[in-house]
Amino acid sequence: MKGKLLSCVFGFGLALTATGAMAGTLDDVKAKGFIQCGVSQGLPGFSNPDSQNNWTGMDVDFCRAVAAAALGQAEKVEFVPVNAANRFDVLREGEVDLLSRNTTWTLSRDLDLGVVFVSPIYYDGQGFMVRRETSTLSALELSNKPVCAISDTTGPENAERYFTRHRMVLELKQFPDIKAATEAYLNGDCYALTTDQSQLHAVRAGLGTASAHRILPEVISKEPLSPAVRRDDERWFDIVRWTLFTMIDAEEAGIDSTNVEQARARARSDEVRLLLDLDGETGKLLGLDQGWGYRIIDQVGNYAEIFERNLGDQSPLKIKRGLNALWHDGGILYAPPAR
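The rules we used
Residues numbered from 1 in each chain as written. Predicted model: local features only at pLDDT ≥ 70, side-chain atom pairs only at ≥ 80, totals over all residues. Heavy atoms only, no water. 1 Å grid on protein atoms, 1.4 Å probe; cavity = no way out; pocket = protein on both sides within 12 Å on 5 of 7 lines; lining within 4 Å. Points joined across faces, edges and corners; volume = space filled by probe spheres on them. Helix = DSSP H or I, 4+ residues; strand = E, 2+ residues; numbered from the N terminus. Nonpolar A, V, L, I, M, F, W, Y, C, P; charged D, E, K, R; others polar. pLDDT = per-residue confidence, 0-100. Contact = heavy atoms within 4.5 Å. Buried < 20%, exposed > 50% of the residue type's maximum accessible area, 1.4 Å probe, protein only. Axes fitted to C-alpha atoms, helices over the stretch in contact; angles between N-to-C directions. Parallel < 35°, antiparallel > 145°, perpendicular 65-115°, else oblique. Left-handed = near helix turned anticlockwise from the far one by under 90°. Salt bridge = Lys/Arg side-chain N within 4 Å of Asp/Glu carboxyl O.

Below, the discussion takes up the layout of surface pockets. Volume-wise, the largest pocket comes out at about 590 Å³. G42, L43, I178, K179 and Q199 are, among the 32 residues lining the largest pocket, the residues nearest its centre. Mapped onto the lining of the largest pocket, the elements with two or more residues apiece are α7 (178-186), β11 (192-196) and α8 (197-206). With 5 residues, α7 is the single largest residue contributor to the lining of the largest pocket. Residues that form the lining of the largest pocket fall into these classes: 10 nonpolar, 15 polar and 7 charged.

Here it is in structure tokens:
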């Protein structure tokens, strides 16, 4: 099996760069012994610290999955809180090795910032939240009403386009982060709060009176949230990208943290052996120790596991999979096959 796998596996195309290209982020993180991961300053469900500075969330779990693949242990991560305004500068200047911070992948960001997006980890869309006491049922009722938004995000532009398209008057108030925007909304400075729907669910779940707030049905934008890395390191990009793909493909294959040991012991098909890197073929191409795929699932879990415990039924947010369900379950979540 080894001979045929080297020529086609995953389409990596890295065999010709096995020496010079290996110098870079992977060598840096191996030398220091941990990955510096840029995360939000506190967003339940995605990246949020407790009083002891223990981080949880989907973006946090993804950082740990990359650490399990690259360094052998999921806990070898230092979480670096970054804000919306400085997140790309921090990544580009090498202060973090990976940005995993509910960040929308757009054309201008992809081409103009010196960073490259990996692949969507969560398909989101912008929405609006209002107080239930207002009886407002649609975003089309928000003309001439003050709306709180977060600056240095796609939110203000999306709101402007939506209001213009529907010939509505937008009174927009911008704040530096979700905390400040939420406080203004709760203080009555704004009639509505607008941001990604996942953030609205997180905000509402954190309020003592969550049932007093309504998330309106309109989704006004596409917000594919994706991890990002620096553009100058193709090998690190492939490691981070295939970490995500492995988690998605593992869910599709029915392999999770509860049965991955059994799957490894009984693996016969090329697809499972490649997915878990049981023969070391893909690890060799990436410069990783054999079994990097197995370590991801064993230590962190597959995509369904990190979704459900952070955003889904096992979390306070109770967000449905929706677009983030696998492609054969009615969603659009899809990864290249492990073959």
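This part is about the confidence of the model for the protein chain. When the pLDDT values of the protein chain are averaged, the result is 92; 93% of them are 70 or greater. Counting contacts from residues 1-22, a segment whose pLDDT is below 50, to residues more than four positions away or on other chains yields 40 contacts.

Moving on, we come to helix α13 (residues 292-299). For α13, the tally of buried residues reaches 6 of 8 residues, placing the bulk of the element in the interior. Elements that come into contact with the buried residues of α13 comprise α3 (58-71), α9 (234-253), α10 (260-266), α11 (270-276) and α12 (281-286). The positive-phi residue at the C-terminal boundary of α13 is G301, with phi of around 115°.

What follows deals with unusual backbone geometry. Within the chain, N53 stands out as a residue other than glycine whose phi angle is a positive 65°. If you trace the backbone, N53 turns up in the loop between β2 (48-49) and β3 (55-56). We note that D152 has phi near 60°; this positive angle belongs to a residue other than glycine. Take D152: it is sitting in the loop between β9 (146-150) and α6 (155-165).

All right, on to the packing of α3 against α9 then. Interaxial distance between α3 and α9 falls to 10 Å at its minimum, and their mutual angle equals 115°. With respect to their mutual orientation, α3 and α9 come out roughly perpendicular. Between α3 and α9 the crossing geometry is right-handed. Residues F62, A65, V66, A69 and A70 of α3 form the contact with α9, whose own contacting residues are W236, V240, T243, L244 and M247. Of the residues contributing to the contact of α3 with α9, the split by class is 9 nonpolar, 1 polar and no charged.

In this section: the pattern of salt bridges. Scanning the model with the defined rule gives 12 salt bridges in all. With a closest N to O distance of 2.9 Å, R309 and D61 form a salt bridge. Remark: D61 occurs in helix α3 and R309 occurs in helix α14 (residues 303-310); sequence separation between them is 248 residues. A relative accessible area of 33% means that R309 is categorised as partly exposed. In this structure, E157 and R161 form a salt bridge, with 3.1 Å as the shortest nitrogen-oxygen distance. In this pair, E157 and R161 are both assigned in helix α6, 4 residues apart and thus about one turn of the helix distant. Given the relative accessible area of 45%, R161 is considered partly exposed.

Take Q174: it is sitting in strand β10 (residues 171-175). Counting along the chain gives 128 residues from Q174 to F46, while the straight-line C-alpha distance between them is 22 Å. In contact with Q174, not counting residues within four places along its chain, are A149, S151 and P156.

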